[in-house]
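# Descriptive analysis of the structure
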Amino acid sequence: VDDSSISSTTVSCNAVIDAWAKSGEEGAAEHAEVILDKMIKGHLNGSKVKANVRSFNSVINAWAKSRDARAAQKAEEILDRMRLLAEEGDEDVRPDTASFSTVINAWARSHNLDKAERALDLYKQ
């Protein structure tokens, strides 16, 4: 995402995010989210690298696969960011079926007591 040494592209950043999501390593979701944040900030500062729905969905997937106690909440926060950006006019990040399904799955896997209600609320959206 740093344009100074290696030329990043949206595709290459998405590939790295996806690799973190699939790695199963502790802290993988945080690493994936850091890359997403850099993509967003970089684009705001003039970078050609721009997060898209795949970028966000891969980070949601990283959180959903995470064993972190905050995983479902973090996945939903990423979904909320997508919705906000889409409402502000960025159609490239409008949540799709995969976005919602993955967050619902994250809630289903969580140990949160109100996980069924959270999943149902998302399903209704």
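This text follows the structure it describes.
As a starting point, this report considers the structure included with it.

Rules used in this analysis
- Residues numbered from 1 in each chain as written.
- Predicted model: local features only at pLDDT ≥ 70, side-chain atom pairs only at ≥ 80, totals over all residues.
- Heavy atoms only, no water.
- Core = buried A, V, L, I, M, F, W, Y, C linked by side-chain atoms within 4.5 Å.
- Buried < 20%, exposed > 50% of the residue type's maximum accessible area, 1.4 Å probe, protein only.
- Helix = DSSP H or I, 4+ residues; strand = E, 2+ residues; numbered from the N terminus.
- Contact = heavy atoms within 4.5 Å.
- Axes fitted to C-alpha atoms, helices over the stretch in contact; angles between N-to-C directions.
- Parallel < 35°, antiparallel > 145°, perpendicular 65-115°, else oblique.
- Nonpolar A, V, L, I, M, F, W, Y, C, P; charged D, E, K, R; others polar.
- Left-handed = near helix turned anticlockwise from the far one by under 90°.
- Expected span 1.5 Å × (residues − 1).
- Arc of directions from axis to C-beta.
- Salt bridge = Lys/Arg side-chain N within 4 Å of Asp/Glu carboxyl O.

## Some words on the nonpolar core
- One finds Leu36 and Phe56 to be the most contacted residues of the largest nonpolar core, which totals 29 residues.
- Sorting the residues of this core by element identifies α1 (10-23), α2 (28-44), α3 (53-65), α4 (71-87) and α5 (97-109) as the ones contributing at least two each.
- Those residues within four positions of Phe56 in sequence are excluded, and the remaining contacts are Leu36, Ile40, Ala51, Ile78, Arg81, Met82, Leu85 and Val93.

## Considerations on the packing of α3 against α5
- Interhelical geometry of α3 versus α5 gives an angle of 10° and a closest axis separation of 9 Å. Put simply, α3 runs roughly parallel to α5. Contacts between α3 and α5 involve Val53, Asn57, Ile60, Asn61, Ala64 and Lys65 from the former and Ala98, Ser99, Thr102, Val103, Ala106 and Arg109 from the latter.
- Grouping the amino acids of the contact of α3 with α5 by side-chain chemistry returns 6 nonpolar, 4 polar and 2 charged.

## Details of the environment of Ala21
- Locating Ala21 in the fold gives a position in helix α1.
- Between the C-alpha atoms of Ala21 and Val11, which are 10 residues apart in sequence, the distance is 15 Å.
- Once you skip the residues sitting within four places of it in the chain, Ala21 turns out to touch Ser58, Asn61, Ala62 and Lys65.

## With respect to the packing of α2 against α4
- One can describe the packing of α2 onto α4 by two numbers: an axis separation of 13 Å at closest approach and a directional angle of 15°. Here α2 lies roughly parallel to α4, going by the angle between them. As α2 packs across α4, the resulting crossing turns out to be left-handed. Between α2 and α4, the residues in contact are Glu33, Leu36, Asp37 and Ile40 and Lys74, Ile78 and Arg81, respectively.
- Split by residue class, the contact of α2 with α4 holds 3 nonpolar, no polar and 4 charged.

## Considerations on the side chain of Asn14
- Position of Asn14 relative to the elements: it lies in helix α1.
- Setting aside residues up to four positions removed in sequence, Asn14 forms contacts with Met39, Asn52, Arg54 and Ser55.

## Re α5
- The terminal C-alpha atoms of α5 lie 18 Å apart, and with 13 residues this matches the ideal 18 Å at 1.5 Å per residue to within 8%.
- Of all the positions in α5, only Ser99, Phe100, Thr102, Val103, Ala106 and Trp107 are classed as buried. Down the axis of α5, the buried side of the element spans an arc of 165°, and every buried residue falls inside it.

## Some words on the pattern of salt bridges
- Applying the stated criterion across every chain, the model contains 11 salt bridges.
- Across the pair Arg81 and Glu33 runs a salt bridge whose closest N-O atoms are separated by 3.8 Å. Of this pair, Arg81 sits in helix α4 while Glu33 sits in helix α2; the two residues are 48 residues apart in sequence, bridging distant segments of the chain.
- With relative accessibility at 27%, the residue Arg81 sits in the partly exposed group.
- With a closest N to O distance of 2.8 Å, Asp68 and Arg70 form a salt bridge.
- Taking the relative accessible area as the measure of exposure, Asp68 reaches 25% and is therefore partly exposed.
- Arg70 gets classed as partly exposed once you look at its relative accessible area, which sits at 40%.

Nothing here speaks to function; it is all geometry.
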